[in-house]
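Results of the structural survey
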Amino acid sequence: MDLRIFTEPQQGATYDTLLAVAKATEDLGFDAFFRSDHYLKMGDVDGLPGPTDAWITLAGLARETRRIRLGTLMTAATFRLPGVLAIQVAQVDQMSGGRVELGLGAGWFEEEHRAYGIPFPKDKFARLEEQLEIVTGLWATKPGKTYDFHGTHYDLTGSPALPKPAQDKIPVLVGGHGATRTPRLAARHADEFNIPFASVEDSERQFGRVRAAAEAIGRRADDLVYSNALVVCVGRDDAEVARRAAAIGRDVAELKANGLAGSPAEVVDKIGRYAAIGSSRLYLQVLDLHDLDHLELISAQVQSQLP
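A brief look at the structure comes next. Only a predicted model underlies this, so the values are computations on that prediction, with no experimental measurement involved. (Residues numbered from 1 in each chain as written. Predicted model: local features only at pLDDT ≥ 70, side-chain atom pairs only at ≥ 80, totals over all residues. Heavy atoms only, no water.)

What to know about the overall build of the protein
A tally of helices and strands in the protein yields 11 helices and 12 strands. In terms of overall size, the protein behaves like a compact globule, its C-alpha atoms giving a radius of gyration of 19 Å where 307 residues would be expected to give roughly 19 Å. In the protein, which comprises 307 residues, the proportion classed as buried is 54%. Nonlocal contacts in the protein, meaning residues at least 24 apart in sequence, comprise 73% of its contacts between residues at least 6 apart. Only carbon and sulfur atoms are counted for the fraction: they give 51% of the accessible area of the protein, which is about 13400 Å². (Helix = DSSP H or I, 4+ residues; strand = E, 2+ residues; numbered from the N terminus. Rg over C-alpha atoms; globule rule 2.2 N^0.38 Å. Buried < 20%, exposed > 50% of the residue type's maximum accessible area, 1.4 Å probe, protein only. Contact = heavy atoms within 4.5 Å. Areas by Shrake-Rupley, 256 points an atom, 1.4 Å probe, with all protein chains shown as cover.)

This is the structure in structure tokens:
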């Protein structure tokens, strides 16, 4: 089971804070540092000092880390044109020496679009489908060849399809809870399918849909990685769990029901339940980015207990 650290910087974080978390992620043996792609806070937080851009952040971290993978859960397709996104991600992959992964989603938070003047189209899923086709098509085009795409929402003619990533193939993540279109999209385009904030039972059902969709188009279901994103809140005792839950404005019982919370032994046990239904990678949503002792505890007493 791979453990990855997943952050939500729109809730309030500077680049320096994110750098400290990324360096701790690397030093403590976690597999990757991922971040959300949002421009507006959510819930009862002040969000200060304001948002950071996902790919600018990852470009900086690409030069200041050496081992960990770097990526997004999920880049919003509404934020960037696909040709520009392909250039950005390929460049950050070069800057990292080939450690980047792209999670790409349709975009859903209408309020942040209004706040920053970003169009919020109705047909977001159809645009996401075309973006996935274009981004992966540009990267796959051989040097010296050109790439064309003529869709409903985007039109590319004679693109040189440059630059190329450092990796032969940047892993692409698709995720979500949709029962029909999402599994089909993942089966066609994704290297990894991620389901966020879902129970073991709901994850098992959704993994099954993705596996069936892959097999329906002649792809081996096991070609995909299956993963979960879950909030994490671990403590050495009940008091420490309660303190960490209070720091992020959450209830302990709710966190235990919907995330990975409690003692290290409790969390290891619940991770085992996700592993049993085919999840091989967990994105640990860390909401208090100043509590690096939390990461040290997870590394020492959770990660060390996993096969």
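Points about the layout of surface pockets
When its volume is computed, the largest pocket comes out at roughly 1200 Å³. Around the largest pocket, the lining comprises 48 residues; the ones closest to its centre are Glu8, His38, Trp108, Phe197 and Gln285. Of the residues belonging to the lining of the largest pocket, the class tally is 22 nonpolar, 19 polar and 7 charged. (1 Å grid on protein atoms, 1.4 Å probe; cavity = no way out; pocket = protein on both sides within 12 Å on 5 of 7 lines; lining within 4 Å. Points joined across faces, edges and corners; volume = space filled by probe spheres on them. Nonpolar A, V, L, I, M, F, W, Y, C, P; charged D, E, K, R; others polar.)

Focus on helix H11 (residues 292-301)
Every buried residue of H11 is accounted for by His294, Leu295, Leu297, Ile298 and Ser299. Tucked inside the fold, the buried residues of H11 contact strand E1 (2-7), helix H1 (15-27), strand E10 (225-234), helix H8 (238-247), helix H10 (264-276) and strand E12 (281-286).

Thoughts on empty space enclosed by the protein
One pass over the structure, following the stated rule, counts 1 cavity of 30 Å³ or more. Its volume calculated, the largest cavity comes out at about 60 Å³. Taken together, Val232, Cys233, Arg244, Ile248, Val286, Leu287, Asp288, Asp291 and His294 make up the lining of the largest cavity. Of the residues belonging to the lining of the largest cavity, the class tally is 5 nonpolar, 1 polar and 3 charged.

Description of the nonpolar core
With 74 residues, the main nonpolar core has Leu3, Phe33, Trp55, Leu102 and Trp139 as its most contacted residues. With 7 residues, helix H5 (residues 124-140) is the largest single contributor of residues to this core. Dropping the residues within four chain positions of it, Leu102 is found in contact with Trp55, Thr72, Thr75, Leu85, Val89, Val135, Trp139, Ile170, Pro171, Val172 and Leu173. (Core = buried A, V, L, I, M, F, W, Y, C linked by side-chain atoms within 4.5 Å.)

Things to note about the pattern of salt bridges
Inspection of every chain in the model, using the stated rule, returns 22 salt bridges. Across the pair Arg220 and Asp223 runs a salt bridge whose closest N-O atoms are separated by 2.8 Å. The class of Arg220 is exposed, set by a relative accessible area of 53%. In this structure, Glu240 and Arg244 form a salt bridge, with 3.3 Å as the shortest nitrogen-oxygen distance. Here the residue Glu240 and the residue Arg244 both occupy positions in helix H8, the gap between them amounting to 4 residues, near one helical turn. (Salt bridge = Lys/Arg side-chain N within 4 Å of Asp/Glu carboxyl O.)

Here's the deal with the pairing of strand E7 (residues 155-159)
Successive side chains on a regular strand alternate, one facing one side of the sheet and the next facing the other. Pairing geometry for strand E6 (residues 147-150) and E7, over 3 bridges, is antiparallel. In the sheet register, His150 faces E7, and the bridge partner there is Asp155. Counting the residues that bridge the hairpin from E6 to E7 gives 4 residues. (Pairing = 2+ DSSP bridges.)

Thoughts on the packing of helix H3 (residues 82-96) against H5
Running from N to C, H3 and H5 point in directions that differ by 50 degrees, and their axes come no closer than 9 Å. Classed by the angle they form, the pair H3 and H5 counts as oblique. Both H3 and H5 take part in a crossing whose hand is right-handed. Between H3 and H5, the contacting residues are Pro82, Gly83, Leu85, Ala86, Val89 and Ala90 on the first element and Gln131, Ile134, Val135, Leu138 and Trp139 on the second. (Axes fitted to C-alpha atoms, helices over the stretch in contact; angles between N-to-C directions. Parallel < 35°, antiparallel > 145°, perpendicular 65-115°, else oblique. Left-handed = near helix turned anticlockwise from the far one by under 90°.)

Some details on unusual backbone geometry
Of the consecutive residues Leu48 and Pro49, the connecting peptide bond is found in the cis state with omega at 10 degrees. Mapped onto the secondary structure, Pro49 falls in the loop between strand E2 (32-35) and helix H2 (54-64). In this model, Leu73 is joined to Met74 through a cis peptide bond whose omega is -20 degrees. Position of Met74 among the secondary structure elements: in the loop between strand E3 (69-72) and strand E4 (75-76). The backbone of Ala161 shows a phi angle near 55 degrees, a positive value even though the residue is not glycine. Even without a glycine there, the phi angle at Phe197 is positive, about 55 degrees. One can find Phe197 in the loop between strand E9 (192-196) and helix H7 (200-216). When its relative accessible area of 42% is taken as the criterion, Phe197 is described as partly exposed.

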